[in-house]
Amino acid sequence: GGGHAAIVGAGIAGAACARQLALRGWQVTVLDTASHPAAGASALPAGIFAPHTSSDDSPLSRITRAGQRCSLQCLQQLLQAGQDWEMTGVLERRQLATPPDETAALSDSPAAVPTRRSAHERPPAWKDALAAPAADWSEEASAATLEVLGLPADTPALWHPRGGWLRPAALVQALLDHPGIHFVGDAQVQALDALKTAEGQPLWSLSDGQGQQWAQADLVVLCAGPQSASIRINGQSLAAAQALQTIRGQVSWGRYAEGQAPAAHQPVNGHGSWVPYFRIGQDADAAWVMGSSFERGQSALPPSAEDAATAHAGNGAKLQTLLPEGHRPDAQAFARAQHWAQLRCASTDRLPLVGPLLPTQALQALHTLPEGLASPWVATAMGSRGLTWALLCAELLAARLHAEPLPLPNPLALALASDRYCK
Ligand SMILES: Cc1cc2nc3c(=O)[nH]c(=O)nc-3n(C[C@H](O)[C@H](O)[C@H](O)COP(=O)(O)OP(=O)(O)OC[C@H]3O[C@@H](n4cnc5c(N)ncnc54)[C@H](O)[C@@H]3O)c2cc1C
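Predicted model, so just to flag it, every value in this text is computed and none were measured.

**Some remarks on the overall build of the protein**
Stage number 1. The secondary structure content of the protein amounts to eleven helices and 22 strands.
Stage number 2. Within the protein, the fraction of its 423 residues that count as buried is 57%.
Stage number 3. Excluding contacts between residues fewer than 6 apart, the proportion of contacts in the protein whose partners are at least 24 apart in sequence is 73%.
Stage number 4. Looking at the protein as shown, the accessible area adds up to about 17500 Å², and 51% of this sits on carbon and sulfur atoms.

Okay, here's the thing in structure tokens:
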């Protein structure tokens, strides 16, 4: 610590990394193309955090639980419950009848797809005493829970009591609010170049690639979502960048008329995800949000009117599969809804990328890196689970940088390692 770190991207991943580094004594500059923080996917009106489950308690499930532990600690510490987030519990409806291909195309949770038959199941091992604490995080939904949402008592569903909704932009603001962190907007970083100061000290220069330098730093962390792949490092693009995919997503959302907000605030996940209640900023209007489309390889923003209409209709159709009439906005209210679109960034194996972009020796060979200058680091590819993953990834990044004990077991940390694509 004690040096100067520059972070590219002021979404939830960049803000979480900035916070973890500032807590360890770094002076942190956070740069973003936009004039304000949380202008990308993290501008999502509200999203869901909940653990993933699988019958074999897969690495994905365990990483997601570890992530939620981190997120909850942070939310409880930094944000006002009921205003910017709420641990309402989340109902997850099972869709085991859905053929795998269709699920892959439509699910909000692509990471849940590989073992479709086992996804959303609780592992039998949880019956053992040692695993018992994990069992408390995801249980069979009770008849009483289902009844509140208007669903029959025999609906196959899990209940995640520690899940809830969050306004990510509020979290980003709170994370950046630290004396060691300085936000610089309107600063699109296109190039990282290694240079030496007059005193011979090696540094990274962050610039627009056309002569406008935004910052110099000892350490660079790329948190720019899909754009991370296009930033040139000493004039070259890097191998790990090829693992990044863009998946456009659109939600439909609307405000409740005064006094019309529902009493039940529990989000419902399944074929789409439904947040029945959140508050919009300081004016505290209540709103709902229904997501979302899953448009692979699409990166146009804003979407065409046709694409927006298709996504909106898709969101409406999914909502009908989640909840019965009377427990969701009617067709008229849904038709009046607003549209919001942004780009998710995912890796080919659906797990985040956290760590140095390349082992330093490899980078030195490739790019004639001056001695003493570390590879740029990365924390991105949060996919559709940034609210559950970003804080854990930031803890992991800082722990690795500082040779601290890791916040999750080594095999899980390795599953997230950014150089897994460079071998
Ligand atoms: C429709 C939709 C619904 C979603 N629902 C959920 C949900 O319910 N639960 C959940 O957990 N997740 C959800 N997600 C995913 C979640 O929003 C993301 O995982 C998360 O916000 C990603 O955060 P990030 O910081 O990695 O990226 P972003 O928030 O996209 O931040 C990247 C930042 O980098 C900046 N940037 C880009 N290029 C440059 C550059 N060259 N120089 C400087 N700055 C740059 C951008 O302006 C942006 O601010 C959803 C996403 C979408 C699109």
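**Quick look at the sheet that holds strand β4 (residues 85-86)**
Stage number 1. Judged by pairing direction, the sheet is antiparallel, and its three strands sit side by side in the order β3-β8-β4 without closing on themselves. The open sheet has two free edges, formed respectively by β3 (47-49) and β4, since each of these has just one partner strand.
Stage number 2. Relative to strand β8 (residues 164-166), β3 is paired through three bridges, and the arrangement is antiparallel. Across the sheet, I48 pairs through a bridge with W165, a residue of β8.

**Remarks on the nonpolar core**
Stage number 1. One finds I7, V28, L171, V221 and L408 to be the most contacted residues of the largest nonpolar core, which totals 54 residues.
Stage number 2. For this core, the leading source of residues is helix α10 (residues 386-401), giving nine residues.
Stage number 3. If sequence neighbours within four positions are ignored, I7 has contacts with G14, C17, A18, L21, V28, T29, V30, L31, V221 and C223.
Stage number 4. If you look at the next biggest cluster of nonpolar residues, it comprises 33 residues, including A50, W165, A287 and W288.

**Description of the layout of surface pockets**
Stage number 1. Space inside the second largest pocket adds up to approximately 410 Å³.
Stage number 2. Along the walls of the second largest pocket sit 20 residues, with Y256, Q260, W288, R328 and P329 positioned nearest its centre.
Stage number 3. For the lining of the second largest pocket, the elements supplying multiple residues, two or more each, are β15 (244-255) and β17 (272-280).
Stage number 4. Of the residues in the lining of the second largest pocket, the class split is twelve nonpolar, four polar and four charged.

**Structural notes on the pairing of strand β12 (residues 213-217)**
Stage number 1. By the bridge criterion, four bridges tie strand β11 (residues 202-207) to β12 in an arrangement that is antiparallel. Paired with L206 across the bridge in β12 is A215.
Stage number 2. Hairpin connection of β11 to β12: five residues between the antiparallel strands, including G209 at a positive phi of 80 degrees.

**Remarks on the site of the ligand**
Stage number 1. Lining the immediate environment of the ligand, one finds 36 residues, of which D32, S42, I48, V189 and L387 sit closest.
Stage number 2. Take T33: an N or O atom from its main chain is 3.2 Å from a nitrogen atom of the ligand.
Stage number 3. Relative to its free-state accessible area of 1000 Å², the ligand is covered by the protein chains to the extent of 93%.
Stage number 4. For the shell around the ligand, the elements supplying multiple residues, two or more each, are α1 (12-23), β3, β15, β20 (338-347) and α10.
Stage number 5. Each residue belonging to the shell around the ligand can be placed in one class, and the counts come to 17 nonpolar, 16 polar and three charged.
Stage number 6. Two domains each provide a minimum of three residues to the shell around the ligand, namely domain 1 (4-41 + 171-244 + 348-421) and domain 2 (88-165 + 245-347).

**A word on the confidence of the model for the protein**
Stage number 1. Here the protein averages 89 in pLDDT, and 87% of its residues register 70 or above.
Stage number 2. Under a pLDDT of 50 for its full length, residues 97-118 has, in the predicted model, 39 contacts with residues more than four places off or in other chains.

**Regarding the packing of aromatic side chains**
Each aromatic ring pair is summarised here by two numbers: the centre-to-centre distance and the angle between the ring planes.
Stage number 1. Scanning the entire structure with this criterion turns up five aromatic pairs.
Stage number 2. Centroid distance F49 to W85: 6.3 Å. Interplanar angle 45 degrees. Geometry classified as tilted. Within this pair, whereas F49 is found in strand β3, its partner W85 is found in strand β4, the two being separated by 36 residues in sequence.
Stage number 3. Under the relative-accessibility criterion, W85 is labelled buried at 4%.
Stage number 4. Residues W253 and F278 carry aromatic rings whose centres are separated by 6.4 Å and whose planes lie at 55 degrees to one another, so their mutual orientation is tilted. With W253 in strand β15 and F278 in strand β17, this pair connects stretches of sequence that are 25 residues apart.

**Describing the packing of α1 against α10**
Stage number 1. Where α1 contacts α10, the two axes come as close as 8 Å, and the packing angle between them is 35 degrees. In the crossing of α1 with α10, the sense of the turn from one axis to the other is right-handed. Across from I12, A13, A16, C17, Q20 and L21 in α1, the residues of α10 making contact are G386, L387, A390, L391, A394, E395, L397, A398 and L401.
Stage number 2. Grouping the amino acids of the contact of α1 with α10 by side-chain chemistry returns twelve nonpolar, two polar and one charged.

**Let's talk about the pattern of salt bridges**
Stage number 1. Taken as a whole and judged by the stated rule, the model has eight salt bridges.
Stage number 2. The shortest N-O distance in the salt bridge between E140 and R94 comes to 3.1 Å. Within this pair, whereas E140 is found in strand β6 (residues 139-140), its partner R94 is found in the loop between β5 (90-93) and α3 (100-106), the two being separated by 46 residues in sequence.
Stage number 3. Accessibility expressed as a relative area gives 45% for E140, which makes it partly exposed.
Stage number 4. Relative accessible area serves as the criterion here: at 17%, R94 is assigned to the buried category.
Stage number 5. In this structure, E295 engages R248 in a salt bridge whose closest nitrogen and oxygen atoms are separated by 2.6 Å. With E295 in strand β19 (residues 295-296) and R248 in strand β15, the pair connects residues that are 47 residues apart, well separated along the chain.

**Brief notes about the side chain of T380**
Stage number 1. Structurally, T380 can be placed in strand β22 (residues 377-380).
Stage number 2. One polar contact links the side chain of T380 to the main-chain amide nitrogen of G225, over a distance of 3.4 Å.
Stage number 3. In this structure, T380 is in contact with L222, G225, S228, L244, C345, P352 and L353, ignoring residues within four places of it in sequence.

**Examining the environment of L175**
Stage number 1. Tracing the backbone shows L175 in helix α6 (residues 168-176).
Stage number 2. When its relative accessible area of 1% is taken as the criterion, L175 is described as buried.
Stage number 3. Distance from L175 to L79, taken between C-alpha atoms, is 9.6 Å for residues 96 residues apart in sequence.
Stage number 4. If we ignore the near neighbours within four places in the chain, the residues touching L175 are I12, A15, A16, R19, C74, L78, I181 and L391.

Definitions and limits used
- Residues numbered from 1 in each chain as written.
- Predicted model: local features only at pLDDT ≥ 70, side-chain atom pairs only at ≥ 80, totals over all residues.
- Heavy atoms only, no water.
- Helix = DSSP H or I, 4+ residues; strand = E, 2+ residues; numbered from the N terminus.
- Buried < 20%, exposed > 50% of the residue type's maximum accessible area, 1.4 Å probe, protein only.
- Contact = heavy atoms within 4.5 Å.
- Areas by Shrake-Rupley, 256 points an atom, 1.4 Å probe, with all protein chains shown as cover.
- Pairing = 2+ DSSP bridges.
- Core = buried A, V, L, I, M, F, W, Y, C linked by side-chain atoms within 4.5 Å.
- 1 Å grid on protein atoms, 1.4 Å probe; cavity = no way out; pocket = protein on both sides within 12 Å on 5 of 7 lines; lining within 4 Å.
- Points joined across faces, edges and corners; volume = space filled by probe spheres on them.
- Nonpolar A, V, L, I, M, F, W, Y, C, P; charged D, E, K, R; others polar.
- Near = heavy atom within 4 Å.
- Polar contact = N/O pair within 3.5 Å; in protein donor to acceptor, adjacent residues only side chain to side chain.
- Domains from an automatic or database assignment.
- pLDDT = per-residue confidence, 0-100.
- Phe/Tyr/Trp six-rings, centres within 6.5 Å; stacked < 30°, edge-to-face > 60°.
- Axes fitted to C-alpha atoms, helices over the stretch in contact; angles between N-to-C directions.
- Left-handed = near helix turned anticlockwise from the far one by under 90°.
- Salt bridge = Lys/Arg side-chain N within 4 Å of Asp/Glu carboxyl O.

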